[in-house]
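# Tertiary structure, described
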Amino acid sequence: MRTRLCVLALVLGGSWIVACDDDCGDAERAALEIVVVDSSTGAEICEAVVTVSDGAFEEVFDRDVECEQVPSGVFSAAPGRAGTYSITVTHPDYATPSVPAVVVPSGECGPVTQSVLVEMQPL
């Protein structure tokens, strides 16, 4: 649960102000940060299809681009959602890896982001 510390103060001139400390910010945190790499070279594979699911929730990343064309090889998934996630990664030039379920706990400011490295074996 997210908490805020707020202070109410009387300032000169008789006005009241409220100041709050909110370390969490407004942006929702990703539950998962997934990096997909070639198991033999360690090179990022940005053009993979990554599917993340938790019950009825499903998010699919279908990037048909090289890594140089995207800001990062990281697939940031499930913003603001704690849960237990299944991850499937496919690419026509690689064997589909088995990725164990990932548990994302809820923290003070939303999900506690879990980093997942998926190594894909070339065919």
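Residues numbered from 1 in each chain as written. Predicted model: local features only at pLDDT ≥ 70, side-chain atom pairs only at ≥ 80, totals over all residues. Heavy atoms only, no water.

### Description of the side chain of Asp54
Structurally, Asp54 is set in strand β4 (residues 49-54). Using a relative accessible area of 19% as the deciding quantity, one classes Asp54 as buried. Those residues in contact with Asp54 that sit more than four places away from it in its chain are Arg81, Ala82, Gly83, Thr84 and Tyr85. (Helix = DSSP H or I, 4+ residues; strand = E, 2+ residues; numbered from the N terminus. Buried < 20%, exposed > 50% of the residue type's maximum accessible area, 1.4 Å probe, protein only. Contact = heavy atoms within 4.5 Å.)

### What to know about the pairing of strand β5 (residues 57-62)
Across six bridges, the pairing between β4 and β5 is antiparallel. Counterpart to Asp54 in the pairing with β5 is Phe57. (Pairing = 2+ DSSP bridges.)

### Quick look at the sheet that holds β4
Spatial ordering of the open sheet is given by β5-β4-β7-β8, a layout of four strands whose pairing is antiparallel. The sheet terminates laterally at β5 and β8 (102-104), the two strands that pair on one side only. Neighbour to neighbour, the strand axes of the sheet diverge by 25° on average, direction disregarded. Here three bridges tie strand β7 (residues 83-90) to β8, and the two strands are oriented antiparallel to one another. Within β8, the residue paired with Gly83 across the bridge is Val104. (Axes fitted to C-alpha atoms, helices over the stretch in contact; angles between N-to-C directions.)

### Quick look at the pattern of salt bridges
This structure, assessed with the given rule, holds one salt bridge. We note a salt bridge from Arg81 to Asp54, for which the minimum N-O separation is 3.7 Å. With Arg81 in the loop between β6 (74-79) and β7 and Asp54 in strand β4, this pair connects stretches of sequence that are 27 residues apart. For Arg81, a relative accessible area of 27% translates into the label partly exposed. (Salt bridge = Lys/Arg side-chain N within 4 Å of Asp/Glu carboxyl O.)

### Details of the confidence of the model for the protein chain
Mean pLDDT for the protein chain: 82, with 75% of residues reaching 70 or above. The low-confidence segment residues 1-5, where pLDDT is below 50, has 13 contacts with residues more than four positions distant or belonging to other chains. (pLDDT = per-residue confidence, 0-100.)

### Quick look at the environment of Thr90
Within the secondary structure, Thr90 sits in strand β7. In this structure, the C-alpha to C-alpha distance between Thr90 and Met120, residues 30 residues apart in sequence, is 8.8 Å. Not counting the four nearest positions on each side in its chain, Thr90 is found in contact with Ala48, Val49, Thr96 and Met120.

### Considerations on the nonpolar core
Counting residues in hydrophobic clusters, the biggest one holds 22 residues, and the most contacted among them are Leu32, Ile34, Val36, Val50 and Ile87. If you list the elements that add at least two residues to this core, you get β3 (30-38), β4, β6, β7, β8 and β11 (114-120). Apart from residues lying up to four places away in sequence, Leu32 is in contact with Val52, Phe75, Ser76, Ala77, Tyr85, Ile87, Val102, Val104, Thr113, Gln114 and Val116. (Core = buried A, V, L, I, M, F, W, Y, C linked by side-chain atoms within 4.5 Å.)

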